[in-house]
Amino acid sequence: MGKLAVGLAVGVAVATSGIAAVMVGKRVSSRRKWRKVVRVLEELEQVCSTSVERLRQVVDAMAVEMHAGLASEGGSKLKMLLTFIHNLPTGDEQGTYYALVLGGTNFRVVRVRLGEEKSSILKRDVDRKPIPEHLMTSTSEELFDFIASSLKEFVEREENVVEVSQVKGRELGFTFSFPVKQLSVSSGTLIKWTKGFSIPDMVGKDVSACLQQAISRRGLDMRVAALVNDTVGTLALGHYHDEDTVVAVIIGTGTNACYLERADAIIKCQGLLTTSGGMVVNMEWGNFWSSHLPRTSYDIDLDGESPNSNDQGFEKMISGMYLGDIVRRVILRMSLESDIFGPVSSKLSEPFILRTPLMSAMHEDNSPDLREVANILSDVLGICEVPLKVRKLVVNVCDVVTRRAARLAAAGIVGILKKIGRDGSGGITSGRSRGGTSIKMRRTVVAVEGGLYTSYALFREYLNEAVAEILGDDISPYVTLKVMEDGSGIGAALLAASHSAPSVDTVQLL
Ligand code: ADP
Ligand code: MG
């Protein structure tokens, strides 16, 4: 081999080993970056872990907080609000009833026709309308005049000539999903507006009276027979169909629960007399807090940046408003720690850009190459051309966040069952002597409403599975979760039926 040839060969060899060294270096660095993001996921998994032991601690904490909230006003983060509803619909109600649902930017008018047969709903009609934005910050008179006009139009459209004679003295259930201090089953004062509403002259006023006056101004013959929270409507619909329904939970944009409590357990209102000995209590459980809740740095940041910091801690881990944003925060952290998502997308820093239905679409993407995940990452978050293994990582993040949410909601439900002695453990301070004998288990139905539970199959499966896991094989067959589609509306109409004029409101404060 000539000198030139030797020189060339050496040169090529050096160059090749240089390239190889760069490639090895790149591989090492990309492996290191991959390890970094995997560590982010592992940490998340670890902090979000919801072993059955931990869930049982949450169950106990929920039951303890319920006791505290019932013992004294302000005794717990759980408000445990009295609803003055002591009798739930039984299925024997008959006639035509109305409901109005106001809880956000849309409102609904509902009409149900109940049949003679037990628990039959012959017909239901619903009309949905957005509230014009300017009315959300106007005066109470303007807002309620608009609502009453829409109600009147609906009534006139739905009641055909034949029916008019039958529908005398119409009764209305009003589902008003804002914090209210209830004064009776059909009246209560607004504590504060939320969800974008701000009509200062309404605060402290009787919500039903405002609506009733607007209805009269429109010349409509209709009485506000019940003022209820959406969870209470759901419980009412559940009870109408099945009298073993004593708990209702809403898991949609927000989350809340109510249940039927013994009147004598409501210590903060000792003078309460009811005919049935029971009273529905609106827990406002979104504000539940316990040191046993598995909280991550993402939850802390989300809470700190929210307009209601330190409030609604349970809701912020569970409900549809927040789950997508927790996932966004994790992906942002991963993207900052490594370039596996490419350059950090500015969209990743936009709060609430990843909405929960999109998150569930990624989580439930069954395509072999996770096409939907890739599409959402690129269309919504501006992260393009993500390799398959990174898409899988994103699915894992969704899974951890949703699984934790669903399992915590399950623990909350079992907490309520424990409080009312339906979890098979005998309750924590039932005060009754059981004489050491085993208690006969009663069948219990939990009514559930809300888009997160009904539209997100994996969330629903995780929740159902965790309820069974916490209760154990012996007890879980006695507990059933049942979806109550539009319980907040139909249930309010049913409560109007069971509290209609001829029936006497027997709750009184001594
Ligand atoms: P609201 O709670 O506002 O009264 P819904 O009960 O219909 O209304 O719940 C709507 C919420 O449910 C949405 O804000 C969203 O968080 C969640 N949701 C709806 N559809 C889905 C879905 N396919 N996957 C996951 N979450 C969903
Ligand atoms: Mg709702």
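Above: the structure in question.
Since the model is a prediction, treat every value here as computed from it, not as a measurement.

A.B. asks: Honestly, a negative patch on the surface in this entry has me stumped. Any pointers?
C.D. replies: A cluster of acidic side chains, namely E42, E43, E45 and E337, defines a negative patch on the protein surface. Element by element, the count of residues in the negative patch is highest for helix α1 (residues 3-47), at three residues. Note that E45 resides in helix α1.

A.B. asks: It is not clear to me how the sheet that holds strand β4 (residues 121-130) should be interpreted in this structure. Could you clarify?
C.D. replies: Note on sheets: strands pair through backbone hydrogen bonds, and any given pair is parallel or antiparallel. Ordered in space as β4-β3-β2-β5-β8, the five strands form an open sheet in which the pairing is mixed. Each edge of the open sheet carries a strand with a single partner, namely β4 and β8 (222-228). On average, each strand axis in the sheet is tilted by 20° relative to the strand beside it, whichever way the strands run. Sheet strands in contact with helix α6 (residues 230-241) are β3 (106-114), β4, β5 (170-176) and β8, and its direction is about 165° off that of β4. Docked against the sheet, helix α15 (residues 487-498) engages β2 (95-102), β3, β4, β5 and β8, running at close to 130° with respect to β2.

A.B. asks: What exactly am I supposed to notice about the pattern of salt bridges here?
C.D. replies: Oppositely charged side chains are able to pair whenever their charged atoms sit close together. By the definition in use, this model includes 27 salt bridges. For K482, the salt bridge goes to D242, with nearest N and O atoms at 3.0 Å. Linking K482 in strand β14 (residues 479-483) with D242 in the loop between α6 and β9 (245-251), this pair joins segments that are 240 residues apart in sequence. Each of the salt bridges in this network shares a partner with another, and the network as a whole consists of D242, D244, R443 and K482.

A.B. asks: Help me understand the packing of helix α2 (residues 52-71) against helix α12 (residues 388-419), please; the structure alone is not making it clear to me.
C.D. replies: Angle between the axes and distance between the axes: these two values describe a pair of packed helices. Two elements in contact, α2 and α12, have axes separated by 8 Å at closest approach and are oriented at 50°. Comparing their axes, α12 and α2 come out oblique. Judged by the sense of rotation from one axis to the other, the crossing of α2 with α12 is right-handed. Of the residues in α12, those in contact with V52, L55, V58, V59, D60, M62, A63, M66, H67 and L70 of α2 are R407, L408, A411, G412, V414, G415, I416, K418 and K419. Across the contact of α2 with α12, the residue classes break down as 12 nonpolar, three polar and four charged.

A.B. asks: Explain helix α7 (residues 297-305) here, please?
C.D. replies: Side chains that are three or four residues apart share a direction in an α-helix, a result of its 3.6 residues per turn. Taken together, the buried positions of α7 are occupied by Y298, D299, L302 and D303. Angular distribution of buried residues about the axis of α7 spans 130°; they occupy a single face of the element. Seen from the buried face of α7, the exposed residues on the opposite side, beyond 90 degrees, are G304 and E305. Structurally, the start of α7 carries an N-cap: the backbone nitrogen of Y298 is 3.2 Å from a side-chain oxygen of T296.

A.B. asks: Please explain the side chain of H499 as it appears in this structure.
C.D. replies: One can find H499 in the loop between α15 and β15 (508-509). Judged by its relative accessible area of 10%, H499 is buried. At 3.4 Å, the side chain of H499 forms a polar contact with the side chain of S498. Not counting chain neighbours up to four residues away, the residues in contact with H499 comprise I85, N87, V185, R223 and A225.

A.B. asks: Please clarify how unusual backbone geometry should be interpreted in this entry.
C.D. replies: Trans peptide bonds make up most of the peptide bonds, and negative phi angles are found at most residues other than glycine. Of note in the backbone geometry, S119 takes a positive phi value of approximately 60° without being a glycine. Assignment of secondary structure puts S119 in the loop between β3 and β4. Phi at D486 takes a positive value of approximately 50°, unusual for a residue other than glycine. Within the secondary structure, D486 sits in the loop between β14 and α15.

Conventions we followed
Residues numbered from 1 in each chain as written. Chains lettered and ligands numbered in written order. Predicted model: local features only at pLDDT ≥ 70, side-chain atom pairs only at ≥ 80, totals over all residues. Heavy atoms only, no water. Patch = residues over 30% accessible without salt bridge, like charges linked within 9 Å, V, L, I, M, F, W, Y side chains within 5 Å. Areas by Shrake-Rupley, 256 points an atom, 1.4 Å probe, with all protein chains shown as cover. Salt bridge = Lys/Arg side-chain N within 4 Å of Asp/Glu carboxyl O. Lys, Arg positive; Asp, Glu negative; His and termini not counted. Charge placed at Lys NZ, Arg CZ, Asp CG, Glu CD. Helix = DSSP H or I, 4+ residues; strand = E, 2+ residues; numbered from the N terminus. Pairing = 2+ DSSP bridges. Axes fitted to C-alpha atoms, helices over the stretch in contact; angles between N-to-C directions. Contact = heavy atoms within 4.5 Å. Parallel < 35°, antiparallel > 145°, perpendicular 65-115°, else oblique. Left-handed = near helix turned anticlockwise from the far one by under 90°. Nonpolar A, V, L, I, M, F, W, Y, C, P; charged D, E, K, R; others polar. Buried < 20%, exposed > 50% of the residue type's maximum accessible area, 1.4 Å probe, protein only. Arc of directions from axis to C-beta. Polar contact = N/O pair within 3.5 Å; in protein donor to acceptor, adjacent residues only side chain to side chain.

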